[in-house]
Amino acid sequence: QVQLVESGGGLVQTGGSLRLSCAASGLTFSNYAMGWFRQAPGKEREFVAAVSRGGESTYYASSLNGRFTISRDNTKNTVFLQMNNLKPEDTASYYCAASGTLYSRYIPRSRTEYKNWGQGTQVTVSS
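Bear in mind that the values here come from a model prediction, so they are computed numbers and not experimental data.

Student: Would you take a moment to explain unusual backbone geometry for this structure?
Tutor: Across the chain, the bulk of peptide bonds are trans and the bulk of non-glycine residues have phi less than zero. Even without glycine at this site, Asn65 takes up a positive phi of about 50°. Within the secondary structure, Asn65 sits in the loop between strand 6 (58–60) and strand 7 (68–73). Residue classification places Asn65 among the exposed positions, given a relative accessible area of 62%.

Right under this line is the structure:
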């Protein structure tokens, strides 16, 4: 019964900021790399960001141009996504996901490497 629960989404104007959280339970959190994906209506779910098991390494979709930051707090079983300078094209449902990894610094970047997914939280950016 692994559960990932996202929160922090909402409606924000262009240029605003949001901080998403994902609380994990039912797993040994520090054994999992964590990722954020997003999906807009009619689009495929796309990779946004990921962080290695201990937070040593991060990776971001190149299109973000430094606007987003992923982090994790292993004492609270929580991963975060700080989103700044939001744009209308960021509008989507945002999902967190967990991937068991062999090496502590490994960062999964493919959707197929993540077996556990949250229910999503909606982010809407208005112009």
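Student: I'm lost on the packing of aromatic side chains in this one. Help?
Tutor: Both the distance between ring centres and the angle between the ring planes are used here to describe each pair of aromatic rings. This structure, assessed with the given rule, holds 5 aromatic pairs. A centroid spacing of 5.9 Å and a plane angle of 35° characterise the contact between Phe47 and Tyr59, whose relative ring orientation is tilted. Here the residue Phe47 occupies a position in strand 5 (residues 46–51), and Tyr59 occupies one in strand 6, the gap between them amounting to 12 residues. What makes Tyr59 partly exposed here is its relative accessible area of 32%. Among the aromatic residues, those joined into a cluster by ring pairs are Phe37, Phe47, Tyr59, Tyr114 and Trp117. Stacked on the ring of Phe29, the Lys or Arg Arg72 has its end atom at 4.4 Å from the ring centre. The residue whose ring lies beneath Arg109 is Tyr59, and the NZ or CZ to ring-centre distance is 3.7 Å.

Student: Would you mind going over the side chain of Ser99 with me for this structure?
Tutor: With respect to the helices and strands, the residue Ser99 is situated in strand 9 (residues 92–100). At 2.6 Å, the side chain of Ser99 and the backbone oxygen of Glu113 are in polar contact. Look past the residues within four positions of Ser99 in its chain and what remains in contact with it is Asn31, Tyr32, Ala33, Pro108, Glu113 and Tyr114.

Student: I'm lost on the pairing of strand 1 (residues 3–7) in this one. Help?
Tutor: The two faces of the sheet receive side chains in turn, since in a regular strand these alternate between them. Residues of strand 1 alternate between two faces, with Leu4 and Glu6 buried on one and Gln3, Val5 and Ser7 left unburied on the opposite face. By the bridge criterion, 5 bridges tie strand 1 to strand 3 (residues 18–25) in an arrangement that is antiparallel. Residue pairing across strands places Glu6 opposite Cys22, the latter belonging to strand 3.

Conventions adopted
- Residues numbered from 1 in each chain as written.
- Predicted model: local features only at pLDDT ≥ 70, side-chain atom pairs only at ≥ 80, totals over all residues.
- Heavy atoms only, no water.
- Helix = DSSP H or I, 4+ residues; strand = E, 2+ residues; numbered from the N terminus.
- Buried < 20%, exposed > 50% of the residue type's maximum accessible area, 1.4 Å probe, protein only.
- Phe/Tyr/Trp six-rings, centres within 6.5 Å; stacked < 30°, edge-to-face > 60°.
- Lys NZ or Arg CZ within 6 Å of the ring centre and 35° of its normal.
- Polar contact = N/O pair within 3.5 Å; in protein donor to acceptor, adjacent residues only side chain to side chain.
- Contact = heavy atoms within 4.5 Å.
- Pairing = 2+ DSSP bridges.

Remember, this is a structural readout, not a statement about activity or role.
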